[in-house]
Amino acid sequence: MTEQPSHRRGSAGALSRGQLTAWRNALFVIFGLSGLGMASWMARVPAVRDVLGASTAEMGWLIFGLSAGSILGLTASGHIVATFGARSTMAAATALGAAGLALTGLVVTLTANFWLAFAGLAILGIGMAVCDVAMNVSGAANERALGRTVMPIYHAFFSFGTMIGAALGGLAELADLPLATHVGSVAVVMAIGAVIAARYAHSEHVIGPGQTAPPPTTWRERLGVWRHSRTLLIGVIVLGMAFAEGSANDWLALAMVDGHGVDNATGAFVFGVFVTAMTVGRIVGVKVLDRYGRVPVLRGSAVLASVGLLIVILVPNAWVAGFGVVLWGLGSALGFPVGMSAAADDPRTAAATVSAVATVGYCAFLVGPPVIGFLGEQVGLLSALLVVLVLVAAAGAVAGAAREPADPR
């Protein structure tokens, strides 16, 4: 018999409870660092716009660099994780993303060159997308080995990271800190933290007490998950809810500045309100999911996000719009983690299916920035956000595809 690569060996029975807990905690750190890096960029979007002197439409194309890199990373991520294992992939991909973040900050600060900033964001997108798939695959394996729901908590730590990143971004704005200094420091923390944390993770093929690892998949089998209707429908769920989340990440700070007349620092802090609401939703969501199941929670989330969006778009008062941001954040909280859990239901094809679902979902980040940017140029950013409602409604409509395998209904 041919020996399996080291990242495929073992069973959860060989790991102590302490090792499983350390693995879980390592994933908390990696999810948090990913959120920190992304929010550090997003909170400074208004400042970048000012430095580059870019129009709303041009900013949409700049953000498209991040999205294009993410799609490229996602396309390759399933094969990368299958070849090198989730643990090594998380460390390397986070370091790559950190390099892209630092490069973006450097070129915006020193050269104000649009296309070099675009390239930096593309590198950031590649690294973070590959890490996204790897950490969700590893998280699903750790969740199964622990024998309880954890995935929303992993994503809550991503939100903790975005909260910290948004707060630091607001403080950097108030202190007039150069972008290169701000995001360069964050990039160093990301790279070092991920390499250290990944040492405590274990193979994603460690799947449960007394269970052995499933046989490895071939590249044909990994591509074959695209033929499964359930994969595509879960992708639609993630697409709609990622659009609800991503549109806030990319445009909320700027929409509050241009649409509600607040200053740049306030726009960054309103973005912080959004990610705080998402974090609360993910922490509370564990008990809600255990009680009601994936499908009702997804449908309720779609309604909540829609109501919040409508308040932000239609109500001219900035304080009331802030309440809408809270609802928008709560409604966006569980769509992505629930979709990742559903995609990883089959341990054997988890990496490939998570990669496929994430690729569909990340189309929201690919087409969203330029579409909203173009519409925002024509009708204003607030009105342009109405397009998000269509995809959120679609996510709610196909929520049944995410039903738990053991659900008898």
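Residues numbered from 1 in each chain as written. Predicted model: local features only at pLDDT ≥ 70, side-chain atom pairs only at ≥ 80, totals over all residues. Heavy atoms only, no water.

J.: A description of unusual backbone geometry should follow, citing residues and the corresponding values.
T.: If you check the backbone angles, A112 has positive phi at about 50° while not being a glycine. Assignment of secondary structure puts A112 in the loop between helix 4 (86-110) and helix 5 (114-146). (Helix = DSSP H or I, 4+ residues; strand = E, 2+ residues; numbered from the N terminus.)

J.: Now, about helix 16 (residues 386-397): what can you tell me, with residues and values included?
T.: Its twelve residues give helix 16 an end-to-end C-alpha distance of 18 Å, which sits within 8% of 16 Å, the value for a rise of 1.5 Å per residue. Of the residues making up helix 16, those classed as buried are V388, L389, V392, A395 and G396. Looking down the long axis of helix 16, one finds its buried residues gathered within 120° of arc, a one-sided arrangement. Residues of helix 16 that are exposed and point over 90 degrees away from its buried face: V390 and A397. (Expected span 1.5 Å × (residues − 1). Buried < 20%, exposed > 50% of the residue type's maximum accessible area, 1.4 Å probe, protein only. Arc of directions from axis to C-beta.)

J.: Which residues make up the packing of helix 1 (residues 17-42) against helix 7 (residues 179-198), and what values do they have?
T.: Two elements in contact, helix 1 and helix 7, have axes separated by 9 Å at closest approach and are oriented at 165°. Our classification of the angle between helix 1 and helix 7 gives roughly antiparallel. With respect to the hand of their crossing, helix 1 and helix 7 are arranged in left-handed fashion. Residue-level contacts link A26, V29, I30, L33, L36, G37 and S40 of helix 1 to H182, V183, V186, V189, M190, G193, A194, A197 and A198 of helix 7. (Axes fitted to C-alpha atoms, helices over the stretch in contact; angles between N-to-C directions. Parallel < 35°, antiparallel > 145°, perpendicular 65-115°, else oblique. Left-handed = near helix turned anticlockwise from the far one by under 90°. Contact = heavy atoms within 4.5 Å.)

J.: Go over the nonpolar core, please, and point to the residues and values.
T.: One finds W41, L62 and W328 to be the most contacted residues of the largest nonpolar core, which totals 126 residues. In terms of residue count, the dominant contributor to this core is helix 5 (17 residues). Leave out the neighbours within four places in its chain, and L62 touches W41, V48, L52, F114, A117, F118 and L121. (Core = buried A, V, L, I, M, F, W, Y, C linked by side-chain atoms within 4.5 Å.)

J.: Requested: an account of the side chain of E143, with residues and values cited.
T.: Position of E143 relative to the elements: it lies in helix 5. Of the buried charged residues, E143 lacks a salt bridge, with R294 as the closest side chain of opposite charge at 6.4 Å. Excluding residues that lie within four positions of it along the chain, E143 makes contacts with R148, T149, V150, M151, Y154 and S341. (Lys, Arg positive; Asp, Glu negative; His and termini not counted. Salt bridge = Lys/Arg side-chain N within 4 Å of Asp/Glu carboxyl O.)

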